[in-house]
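One-letter residues, chain by chain:
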Amino acid sequence: MLLIKCPYCQEDRPEIEFSYSGEAHIARPLNPDDLSDEEWAEYLFIRSNRRGLHHERWLHAHGCARFFNALRDTVSDKFELTYKMGEPKAQVKK
Amino acid sequence: MTLHRKPEYGRVNRGKPINFSFDGKIYSAFDGDSLASALLAHGVHLVGRSFKYHRPRGFVAAGPEEPNALVTFDRGPGRVTPNVRATTLEVFDGLVAHSQNNWPSLTFDMGAVNDLFYMLFPAGFYNKTFMWPKSFWDRVYEPAIRKMAGLGPAPIDEDADIYASQYMHCETLIVGAGPAGIAAALAASEKPGRVILVDEQYEFGGSLLSTPNMVINDIPAWQWLEDSLAILKARENVTLLTRTTVIGYYHENFLGAVERITDHEKDLSSHKPRERLYKIRAGEVVLATGAIERPLVFQSNDRPGVMLASAAHTYLNRYGVVVGEKIALFTCHDSAYEVIFDLADAGISIAGVIDVRDQVSETIIAAAKARNIEILTGTIVSGTSGKFRVSSLRASKIEDGKITSTWEIACDCLLMCGGWTPSIHLFSHSKGSLKWREDLGAYIPDNPNENVISVGACNGTFGLRKIMTEGAGGSTEYQVNAGAFGSGIIPATFPTEGDPAKVKAFVDFQNDVTEKDINLAVREGLKSIEHVKRYTTTGMATDQGKTSNLNALQIAAKAVYKPVQQVGLTTFRPPYTPTTFGALVGGKDGHSFHVIRKTPMDGWAEDHGAVFEPVALWRRARYFPRDGEDMLAAVNRECLTTRCSLGIFDASTLGKVEVIGPDAAEFMNRMYTNPWLKLKPGSCRYGLMLGEDGYIMDDGVIGRLAENHFHVTTTTGGAPRVFRMMEDYRQTEWPELDVWLTSTTEQWAVIALNGPNARKLIEPFVEGIDLSEEKFPHMAVREGRICGVETRLFRVSFSGELGFEINVPAHYGRALWETLFIAGQKYDITPYGTETMHVLRAEKGFIIVGQDTDGTVTPMDVGMSWAIGKKKKDFVGKRSLSRPDIMAEGRKQLVGLLTDDPNIVLEEGAQLIANPEQSIPMDMIGHVTSSYWSATLNRSIALAMVKNGHALTESNVYIPMPGKIYKAQVSKCVFYDPNGERLNVI
Ligand SMILES: [Zn+2]
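Rules behind the numbers
- Residues numbered from 1 in each chain as written.
- Chains lettered and ligands numbered in written order.
- Predicted model: local features only at pLDDT ≥ 70, side-chain atom pairs only at ≥ 80, totals over all residues.
- Heavy atoms only, no water.
- Core = buried A, V, L, I, M, F, W, Y, C linked by side-chain atoms within 4.5 Å.
- Buried < 20%, exposed > 50% of the residue type's maximum accessible area, 1.4 Å probe, protein only.
- Helix = DSSP H or I, 4+ residues; strand = E, 2+ residues; numbered from the N terminus.
- Contact = heavy atoms within 4.5 Å.
- Axes fitted to C-alpha atoms, helices over the stretch in contact; angles between N-to-C directions.
- Parallel < 35°, antiparallel > 145°, perpendicular 65-115°, else oblique.
- Left-handed = near helix turned anticlockwise from the far one by under 90°.
- Nonpolar A, V, L, I, M, F, W, Y, C, P; charged D, E, K, R; others polar.
- Buried area = accessible area lost by both parts, 1.4 Å probe.
- Salt bridge = Lys/Arg side-chain N within 4 Å of Asp/Glu carboxyl O.
- Polar contact = N/O pair within 3.5 Å; in protein donor to acceptor, adjacent residues only side chain to side chain.
- Pairing = 2+ DSSP bridges.
- Domains from an automatic or database assignment.
- Donors = N, O, S within 2.8 Å, 3.2 Å for Na, K, Ca; no water.
- Tetrahedral: all angles 85-135°; square planar, octahedral: opposite > 155°, others 65-115°.
- Disulfide = S-S within 2.5 Å.

Chemist: I would appreciate a short explanation of the nonpolar core in the present structure.
Modeler: Generally speaking, soluble globular proteins have nonpolar side chains that are buried together. All names here are of chain B. Grouped together as the largest cluster of nonpolar side chains are 119 residues, with contacts concentrated most on Tyr315, Ile340 and Leu415. Ranked by the residues each element gives to this core, the list is headed by helix α8 (residues 335-345), at 7 residues. Excluding anything up to four places from it in sequence, Ile340 contacts Ile327, Leu329, Ile350, Val353, Ile373 and Leu415. Val635, Trp748, Ala867 and Leu881 belong to the second-largest nonpolar core, a separate cluster that totals 35 residues.

Chemist: When you look at the packing of helix α12 (residues 515-523) of chain B against helix α14 (residues 549-559) of chain B in this model, what are you seeing that I'm missing?
Modeler: The description of two helices packed together rests on the angle between their axes and the distance between the axes. Residues and elements named next belong to chain B. One can describe the packing of α12 onto α14 by two numbers: an axis separation of 9 Å at closest approach and a directional angle of 45°. Here α12 is positioned oblique relative to α14, judged by the angle of their axes. For the pair α12 and α14, the sense of crossing is right-handed. Residue-level contacts link Glu515, Ile518, Asn519 and Val522 of α12 to Ala552, Ile555, Ala556 and Ala559 of α14. A per-class count over the contact of α12 with α14 returns 6 nonpolar, 1 polar and 1 charged.

Chemist: Teacher, can you tell me more about the interface of chain B and chain A here?
Modeler: A common measure of how large an interface is: the accessible area buried when the components associate. Contact with chain B, which involves 29 residues of that partner, is made by 31 residues of chain A. Between chain B and chain A, a total of about 2,400 Å² is buried, with carbon and sulfur atoms accounting for 44% of that surface. At the junction of chain B and chain A, the tally comes to 6 salt bridges. Put simply, Asp33 of chain A and Lys878 of chain B hold a salt bridge, and the shortest N to O gap is 2.9 Å. One can count 22 residue pairs in polar contact (both at pLDDT 80 or more) joining chain B with chain A. Residues that form the side of chain B that touches chain A fall into these classes: 7 nonpolar, 7 polar and 15 charged.

Chemist: Before we go on, may I ask you to explain the environment of Gly193 of chain B in this structure?
Modeler: All names here are of chain B. As for its placement among the helices and strands, Gly193 is situated in the loop between α5 (179-188) and β9 (195-198). Owing to a relative accessible area of 21%, Gly193 belongs among the partly exposed residues under this scheme. Along the sequence, Gly193 and Gly283 sit 90 residues apart, while their C-alpha atoms lie 9.5 Å from each other. Ignoring sequence-local partners within four residues, the contact set of Gly193 consists of Glu171 and Asn237.

Chemist: Where do I start with the sheet that holds strand β36 (residues 696-706) of chain B in this structure?
Modeler: Two modes of strand pairing occur in sheets, parallel and antiparallel, and in both the strands are linked by backbone hydrogen bonds. Residues and elements named next belong to chain B. In space, the 5 strands of this open sheet follow the order β35-β36-β37-β34-β38, with antiparallel pairing throughout. For this open sheet the edge positions go to β35 (684-690) and β38 (740-743), each flanked by a neighbour on one side alone. Put simply, the sheet's adjacent strands are angled 25° from each other on average, direction ignored. Pairing between strand β34 (residues 655-660) and β38: 4 bridges, direction antiparallel. Bridge pairing in β38 places Val657 opposite Ser743. Strands β34, β35, β36, β37 (709-714) and β38 of the sheet are contacted by helix α20 (residues 719-733), whose axis makes an angle of about 165° with β38.

Chemist: Looking at this structure, how should I read the domain arrangement of chain B?
Modeler: Under the domain assignment used here, chain B contains domain 1 (1-157), domain 2 (161-293 + 421-482), domain 3 (295-418), domain 4 (500-567), domain 5 (654-826) and domain 6 (889-983). Relative placement of domain 2 of chain B and domain 6 of chain B: their C-alpha centres are 67 Å apart.

Chemist: Could you clarify how one ought to interpret the coordination of the zinc ion in this entry?
Modeler: Coordination angles at a metal have ideal targets, namely 109.5 degrees for four tetrahedral donors and 90 or 180 degrees for six octahedral donors. Residues and elements named next belong to chain A. Looking at the metal site, the zinc ion is ligated by Cys6 (SG), Cys9 (SG), His60 (ND1) and Cys64 (SG), spaced 2.0 to 2.3 Å from it. Considering all 4 donor atoms around the zinc ion, angles at the metal cover 104 to 114° and the coordination shape is tetrahedral. Along the chain, the residues that donate to the zinc ion are spaced as C-x2-C-x50-H-x3-C. Within this pair, whereas Cys6 is found in strand β1 (residues 3-6), its partner His60 is found in the loop between β4 (53-59) and β5 (67-73), the two being separated by 54 residues in sequence. The exposure class of Cys6 is buried, given its relative accessible area of 0%.

Chemist: When you look at α14 of chain B in this model, what are you seeing that I'm missing?
Modeler: Think of an α-helix as 3.6 residues a turn; residues three or four steps apart then line up on the same face. Residues and elements named next belong to chain B. Taking burial as the measure, the 11 residues of α14 include 9 buried ones, the bulk of the element. Those residues of α14 lying buried are Asn549, Leu550, Asn551, Ala552, Leu553, Gln554, Ile555, Ala556 and Ala557. Where α14 ends, the next residue or the one after it, Tyr561, has phi of about 55°, a positive value.

Chemist: For this particular structure, what's the right way to read the sheet that holds strand β18 (residues 326-331) of chain B?
Modeler: Residues and elements named next belong to chain B. As summarised here, the arrangement of the 5 strands in space is β17-β24-β18-β19-β20, forming an open sheet in which the pairing is parallel. Edge positions in the sheet fall to β17 (306-308) and β20 (375-377), since each of these pairs with one other strand and no more. Within this sheet the neighbouring strands show an average axis-to-axis angle of 20°, counted without direction. Of the pairings in the sheet, the one linking β18 to strand β24 (residues 413-417) comprises 5 bridges and is parallel in character.

Chemist: What exactly am I supposed to notice about the state of the cysteines here?
Modeler: In protein structure, a disulfide is the covalent linkage between the sulfur atoms of two cysteines. Residue and element names in this part refer to chain B. Under the definition given, this model contains 0 disulfides over all chains. You can see Cys458 has no disulfide; the closest cysteine sulfur is in Cys170, sitting 17 Å from it. Looking at Cys458, the relative accessible area reads 1%, which means it is buried.

Chemist: It is not clear to me how the environment of Phe612 of chain B should be interpreted in this structure. Could you clarify?
Modeler: Residue and element names in this part refer to chain B. With respect to the helices and strands, Phe612 occurs in strand β31 (residues 611-615). With a relative accessible area of 23%, Phe612 lands in the partly exposed category. Taking C-alpha positions, Phe612 is 42 Å from Glu265, a pair spaced 347 residues apart along the chain. In contact with Phe612, other than residues within four places in its own chain, are Asp602, Ala605, Glu606, Arg619, Arg620, Ala621 and Arg622.

Written as structure tokens, this is what we have:
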């Protein structure tokens, strides 16, 4: 079971307190009606499904109940770092 | 019967003799015996039949790696455990065990004919043979295979034991209490952190228990062990766990370990848990899991009496049991000589040593000579004889890779040593990488993926001095008297006499996989070891190939002419050894299996004979039968009473969310399809929520209590996900909105009153709210008091009748319910449950999200375009409503169905067809989503999703059901009171 650091609680907590919420940094378009069907489909359905470092959203469901972003390795499963909503997208070091 | 015991040998307690039963026969043993050592003490070598060929099998090992000696441990009903390794089962007075996989008995087994038809059972036999015809699978092949093959039968009684689980935390966890683990524990516990030392055996010591002649720092091994354990016990930061198997190594040093608490205890009256699962989070993990001796792969290496050299060593030195009177050794490694010398020194006759290697060291030759032991170098064992126990071996001289001469050697036990395999299972669980050690012919840990170190034999370090020094992390330099491990070669395969196709040299004893099977798999094109494994099933038995994997790998590598590293290694997965379901379930069974949520009125419903059903995690009253009514009779009565007079219903399970803040209305406007900005405080509106994909996600009545305050209700099952989705948008998409959400589902008890007498019933109890039709119309909400308790009173109806939903703080729910129920007697009030609620709403054509919709249904599909705020610029899911596939023709749409025969209640889920004359497979155009008997209408009604259904009104569709195809007419969804006049009863 992973340990996940909630950036709001500032604590390493066991994975069972958290819940995965899909890929991060996919903002809802401000004017959906202006988007073509293809653009809307892209927003709605297309995800990167990355092998390796992946930006994800997590919810501290059984804790502070806040959503946050994370950079996680989908091969080792481990979290590289977590950060608050609204903070800039974490850079992937090569 | 003479006992095969050496009086001056072993650690068993001869002062405590005990009796046990195996296959109905009573045997004697001593406290401290394993079932294996106790049987061997009586000369019992035959303990089971093999999986596929039903060949007689005996003990191969003395520890958890044992592949053959699986028995059923029988403590009476509810306490029967199949497939227990006899080598790890502690004997207690009165223990009962049975052999497995034999019928009618161990010595006469019908299935043994499989052995004569071995050509029928090559690798991949099941894959190839039983593919056709398909209909034979269930009726012919599977029952036959099940009867002939397999392990012990699974128990059928409910488990009579209880199980426990517990979290533990420590700075250092040491797995394995052999010499390396104990040295590590001594070193680690000198520092202040918490240390946990676990070992799966019932006493600590590991290999030291089998090597009493060792001297460590001038102290005899067993004395050193006792002293060291006394030191560890005295240290407050040390926790010692025996009989505890670490079964899995998970992320970030989280390990699972199972402690066996009562399996060795005669008396079960203490009600202790049988096993305890520890969930351990460790700062650092030290793996000291040792190594497992490897069998050699030669013709008839599976005959009882053929066993690992290390096993004979353990039986002699730990249990005082001799495994034969005339013992031979077949080896390719120096380490086994220590065993044969110990056996000779115990006065046992040695039939000879067959060593594959052309030469062995002078030291060994001298030590053998001193004991009059003959060493045959450059020789192999090419076969064994004997019915239920080995009686002789065939020794063959090898020159240039070929057999040049063969002769018989009489023996009643043949030891084998094919080198050593470090136990890297847990390291592999933790996803550490491995590296190949050519000299060991084995993989050892390389780069760790966790904060873990491997010490001793599991790290490829051999020889007691080196093992212990490595265990101590260099902090202590250990001196030992002997125990040079020596070296060996890894032959993998041997030449055979005669036709190699007729040779049965076993690699995986438990799954009956031979060298020939692996070669066949490779010839048939399976080049990856993962494929070879699945095709031959090698390493897939309950022992996960502890003794066989490396042999299989090397045979496969040889067959494809590749280095072993390129063939790979199969993946080890938890659990390390078979684990009971009980240990994993812990206390979470029966009533504790999962949470059952109960409403404040649940007790009243139970007292009044309600029949319950689960709805999400809630249990809800389904109906309230009276005087022996069945469900239909009760529901008919409840429906009619409600429509004619008054029904009372517990709606407390509805999800409730408080939406508060200056931007509350704007937030609601974005979350729901309906317009909210202009809804007046004191009014309610039906709210429809979509996913961003445009499909219906949830619905519920929402009341605006004030300009900045909404009382939202959701479906019972949808409450958690709706709240989560709202929070998601609030936190991540619209953080600029000043609005707060609070889940209040459990804060309110909700009593729904429906029926023409609803207002009359509550009127005398309500204060501060004018209940008149003019002042409190349908779809209004007011705050006031009822029976003196604050209430949010909604005038809403899910039945089509005059209706109220009374919200009061949860702890007043039952008192209010009882008050209303007593007062309602004059209106013949009926409590009703979810079944009547469903019928009443279906009569009105109200959908239930999740029953009439399935996550691919749009508002238009169910005729609810009216719920969409057409002028709204945006809301969740809006853009998707103009997606091409959502606008396309031919979508399924919600309609009503009236069967031609009004007495036929269609099955929910039944498929619809347009033309009953077509041939099978028919073209299915939809399905029934809801279907009931309507007592009000005195006929059946149904709702269905049908392709282009809205255009099909009044046309016929057909519904095939078991035995008959029924005809029905498509109708509007509203079956009763289409103009809603009944809502406004004065
Ligand atoms: Zn948190």
